[in-house]
Amino acid sequence: MMPFRLLRSLLVTVCFFAPHLAGAQLPVTKPTPAQAQALLQARPDLVAQLRQRFVASGMTKDQIHARLAAEGYPEDLLDAYIGGATGDAIPPTDDVFKAVRALGIAGDSDIAVLQGQMPGKAQSLGTTKSTAIAGRDSTNQPKPPSDTSFAIFGLDLFRGATSQFEPNAAGPVDANYKLGAGDKLVLILTGDVEASYSLDVTREGFIVIPQVGQIFVANVTLGQLDQLLRARLARVYSGIGQGTTRFSISVARLRSNQIYVVGDALRPGSYTVSSAGTALTALYAAGGPTVNGSLRRVEVRRAGKVVDALDVYDYLVRGDASHDVRLESGDVVFVPVHGTRVQVIGEVARPAVYELKPDETIADLVRYSGGFRATASRQRVLVERIVPPTQRSGSGSDRIALDIASDALQATGGAGVALQNGDVVTVFPISERVRNRVVVSGNVYQAGPQGFTPGMKLSDALRKAGLQADTYLGEVSITRLRSDSTREQLRATLADSTGSLINDLPLHESDEITVYSVTAFRPDRFVAVGGAVRSGGRFPYREGMTMRDLILLAGGVQESALLKEAEIARLPASRDSGRTATTVRVPLDSTYLFERKPNGEYVGPPGLTAPASGAPEVVLKPYDNVLILRQPNWELQRTVVLAGEVRYPGSYALVKKTERLSDLIARAGGLTDEAYASGIVFNRGQANLGRVGVDLPSALRQYDSHDNLILRDGDNITIPAYNAVVTIRGAVNQPATVAYVPGRGIDYYISAAGGASLKGDDGHAYVTQPSGKLEAVHTRFLLPASMPRPMAGSVVTVPEKDPADKKDYIALTGTVAQIIASTVAIIVALKR
């Protein structure tokens, strides 16, 4: 059977990486290829880690298959997590958890932890709200805080893609740096002698200085080399001892060391690092420890001996890198299996899984997690512990809960409380209830909680909050919390808006006071204006509002306004007989015209004169509806455009409402010699009428002719020049434009276009005369058809036959044949 401690590490691994899967759909048996691909992109090493844990369990594939088959599960259910497996990565599913539970490898609480953290069932890391953590499968147990975290503290430091921790190969090194083969030094002499030398450290560990000779520097520190050079250079340069010659030695290029990272590292192997690299440099190069590796004792071994051990927590928690030794070629960085791991959740700065040394206690755990939050309750801490194997009864009670009392926490900070591997420490929050306060809300200036003191009265709270001027004096509500958590309603009456009360009640702790506003009870009152104003509509009513105020709000009156009187529709005092309003006429004057010259003269258009001034101000009442009347028959000028062959074309303003077409042409000087009166184009833009067929010669001959139309605003009239052609179009053999022949009928022009086509219906041909009028062929029973005569500039159109007409003709022919046959039969019968 897989060791439980190893399995728990596996479960923590899944929980650590679960936030990367958040939001994915939880599969029933196997995820979709897209989900598997998303998993690999998020954490490409996750499945490899799971497979590594199964290998470390010591169970063979056949043993796992046999156990699964005995429990009724598919033998290959866990193959994706068995060491050496290949193929697509498969995220853990519900079936996997059930199989783990059935095999007795993990308890219900562990499975609940996993299922609460898997895709589709969990929130992101740090905000997970899980009610099923280790040892918390009972409804009698308190729920964990909302920031429960299953991350292993410190591992994310090594997972960052940009955190290389590589030393600067070109930068300075400290005096303790030991020189070796491959380093390059620079010696500079100044003063009596000006010279510089580039010195390579040979494989034998020597440097050669011109005129000085060979100096052995292997395993010599940079500080020691400075003293050695001073003695050797003084033999050649006398100024060294006298101070007239100075020298400096520095490392221009660092050598590379071959080191090895082994043990539970994410990517163990051989690495080439700078000679200035340290144990942390090697850890970053190898991706840091795995989820099964230790962060508390990373050993540096040299020549088979441990030269130092790095505690990564010293670096992470205190910034202490004193044990981060510099590596030498051939060093081995060994990451052992982690020691005691304890999870802390709740009200600490960094909830996570921490690794503890054998002598560390709950005080160290709190220190590593950043200490208690301000909201942490120090009354007790709950420790959920796995019962040691020798103490288990076999009845399923393999976990216990221990309460750490406040005296053990407050006296020594928990220094005397030892922890065991697998412990889950919960730090509870303080109560959400706020004591010694009352709350004031509603129509006050400073709403919110207030500190409560014994003997405090309602008036004290109201004066602190500050009553607004429109406060409702009739009642102030007080909601009081009883000892059984029910509430009762109390009330008091205000004497005025200063906070004085008729019955000043003594307050209790947690009282909630509500002050009401008269404005909140008041309906939204308004007045309305319409008619000859610029922006009519509804406006809020204000006490003392006059009709002049309302017209100003409406943007003033229009030019057409009748400034003698206006009508106000007002709500009736009595609604007998179905009355809904009463109307009253009120006087106006010219002072309602707000657009004036500096001398007071009105600058608008002329109209009916208005009284100069003296109209009384009309005070409005709520819901009044004001109508500003318009002047009778008032309107701006009507314009008509006359273009083409007239003597004076242009845009004309109509002088009266009954002006006709012939009147306008006479005002324009009449037609020119080139004008073609029968080809007039008369367009009426109003109501989208479009072109109107007009017989202009008839209108000019007879004033009361129907074609002598009364003009309207927007009419557009064009008199064209004479056009002696006729256009034939539609279903003809050759559409064409031919010369106009006076007196010829429509059939002449259809023949000129090659006649009607097979689809053409010449029986329904029509002519669009140059004036716009339409004339069609008119067929008469037993008489020749009436053919229209196109005029110069007209258009002849032959439409296509309607297929329905052909069907009707066939049906009619059949009916006539039946009638004729019946008639013949009757005649034959009569003869016989």
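Residues numbered from 1 in each chain as written. Predicted model: local features only at pLDDT ≥ 70, side-chain atom pairs only at ≥ 80, totals over all residues. Heavy atoms only, no water.

**Thoughts on the packing of aromatic side chains**
Then comes step 1: Across all of its chains, the model carries eleven aromatic pairs by this definition.
Then comes step 2: Measuring from ring centre to ring centre gives 6.4 Å for Y313 and Y354, while their planes differ by 85°; the resulting arrangement is edge-to-face. Here Y354 lies in strand 12 (residues 352–356) and Y313 lies in helix 11 (residues 312–318), a separation of 41 residues in the sequence. Of the two residues, Y313 and Y354, neither departs from the other in class, the shared state being buried.
Then comes step 3: Taking 5.5 Å as the distance between ring centres and 90° as the angle between the ring planes, the aromatic pair formed by Y472 and F521 counts as edge-to-face. Remark: F521 occurs in helix 15 (residues 518–521) and Y472 occurs in strand 18 (residues 471–481); sequence separation between them is 49 residues.
Then comes step 4: For Y472, a relative accessible area of 34% translates into the label partly exposed.
Then comes step 5: Chaining the aromatic ring pairs together yields one cluster made of F153, Y313, Y354 and Y368.
Then comes step 6: Between the NZ or CZ atom of R538 and the centre of the ring of F526, over which it lies, the distance is 3.9 Å.
Then comes step 7: The aromatic ring of Y592 is capped on one face by R548, whose charged end is 4.3 Å from the ring centroid. (Phe/Tyr/Trp six-rings, centres within 6.5 Å; stacked < 30°, edge-to-face > 60°. Helix = DSSP H or I, 4+ residues; strand = E, 2+ residues; numbered from the N terminus. Buried < 20%, exposed > 50% of the residue type's maximum accessible area, 1.4 Å probe, protein only. Lys NZ or Arg CZ within 6 Å of the ring centre and 35° of its normal.)

**Considering helix 8 (residues 222–236)**
Then comes step 1: For helix 8, spanning 15 residues, the distance from its first C-alpha to its last is 21 Å, which sits close to the expected 21 Å at 1.5 Å a residue.
Then comes step 2: Contact partners of the buried residues in helix 8: strand 1 (184–191), strand 3 (206–209), strand 4 (213–216), helix 9 (239–242) and strand 5 (245–253). (Expected span 1.5 Å × (residues − 1). Contact = heavy atoms within 4.5 Å.)

**So, the environment of Y315**
Then comes step 1: Relative to the elements of secondary structure, Y315 occurs in helix 11.
Then comes step 2: Distance in space between the C-alpha atoms of Y315 and G154 is 10.0 Å, their sequence separation being 161 residues.

**A look at unusual backbone geometry**
Then comes step 1: Despite not being glycine, A303 shows a phi value in the positive range, around 55°.
Then comes step 2: On the secondary structure map, A303 appears in the loop between strand 8 (298–302) and strand 9 (305–310).
Then comes step 3: When its relative accessible area of 78% is taken as the criterion, A303 is described as exposed.

**Let's talk about helix 14 (residues 458–465)**
Then comes step 1: Buried residues of helix 14: L458, S459, A461, L462 and A465, and no others. Looking straight down helix 14, one finds that the buried residues subtend no more than 160° of arc, so they occupy a single side.
Then comes step 2: Those residues of helix 14 that are buried lie in contact with strand 16 (437–442), strand 17 (448–451), strand 18, strand 19 (487–492) and strand 20 (512–517).
Then comes step 3: Trailing helix 14 by a residue or two, G466 shows a phi angle of about 80°, which is positive. (Arc of directions from axis to C-beta.)

**Let's talk about the pairing of strand 2 (residues 195–200)**
Then comes step 1: By the alternation rule, side chains of strand 2 split into A195, Y197 and L199, which are all buried, and S196, S198 and D200, of which none is buried.
Then comes step 2: In this structure, strand 1 lies alongside strand 2, joined through six bridges in antiparallel fashion. Bridging from a neighbouring strand, L185 pairs with L199 of strand 2.
Then comes step 3: What sits between the antiparallel neighbours strand 1 and strand 2 is a turn of three residues. (Pairing = 2+ DSSP bridges.)

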